[in-house]
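# Per-entry structural report
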Amino acid sequence: AYALSGRALASAGLHRFDDAQKDFDESIRLRPDNAWVHYNQGLVYRMLDQLSLAAKSFRHALEVTDPKLTKRKRERATAFLQQQGE
């Protein structure tokens, strides 16, 4: 699940967004409470200017804890949500 999340970010960086989404979906299926995969997915949604989906992913990343986000990632997710008026 962790490798899939990392590969999804790499795919997104290469603008292979369909591949990235497949890897995110599989990673979430395997580890639905992994905050990092939801955070990473939020980063990609933000890159694609899909702000409501990014907010949903960041919000979920702040709620789940297996493993929990680092303090810096929590701060970034919270700041994004505040910018979106949440």
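Now for a look at the structure at hand. All values reported here derive from a predicted model rather than from experimental measurement. (Residues numbered from 1 in each chain as written. Predicted model: local features only at pLDDT ≥ 70, side-chain atom pairs only at ≥ 80, totals over all residues. Heavy atoms only, no water.)

### Some remarks on the nonpolar core
Counting 13 residues, the largest nonpolar core has Tyr39, Phe58, Leu69, Phe80 and Leu81 as its most contacted members. Elements represented by at least two residues in this core include exactly helix 3 (35-47), helix 4 (51-63) and helix 5 (71-83). Per-element accounting of this core gives the leading share, five residues, to helix 4. Setting aside residues up to four positions removed in sequence, Phe80 forms contacts with Arg46, Leu51, Ala54, Ala55 and Phe58. Judged by nonpolar contacts, the second largest core, of six residues, contains Ala20, Phe24, Val37 and Val44. (Core = buried A, V, L, I, M, F, W, Y, C linked by side-chain atoms within 4.5 Å. Buried < 20%, exposed > 50% of the residue type's maximum accessible area, 1.4 Å probe, protein only. Helix = DSSP H or I, 4+ residues; strand = E, 2+ residues; numbered from the N terminus. Contact = heavy atoms within 4.5 Å.)

### With respect to the pattern of salt bridges
In total, this model carries six salt bridges according to the counting rule given. Between Asp19 and Arg16 there is a salt bridge, and its shortest N-O distance comes to 3.0 Å. Overall, Asp19 belongs to the partly exposed group, its relative accessible area being 31%. One salt bridge connects Arg31 with Asp66, and the closest N-O pair in it is separated by 2.7 Å. Of this pair, Arg31 sits in the loop between helix 2 (17-30) and helix 3 while Asp66 sits in the loop between helix 4 and helix 5; the two residues are 35 residues apart in sequence, bridging distant segments of the chain. Looking at Arg31, the relative accessible area reads 27%, which means it is partly exposed. In this structure Asp66 comes out as partly exposed when scored by relative accessible area, which is 39%. (Salt bridge = Lys/Arg side-chain N within 4 Å of Asp/Glu carboxyl O.)

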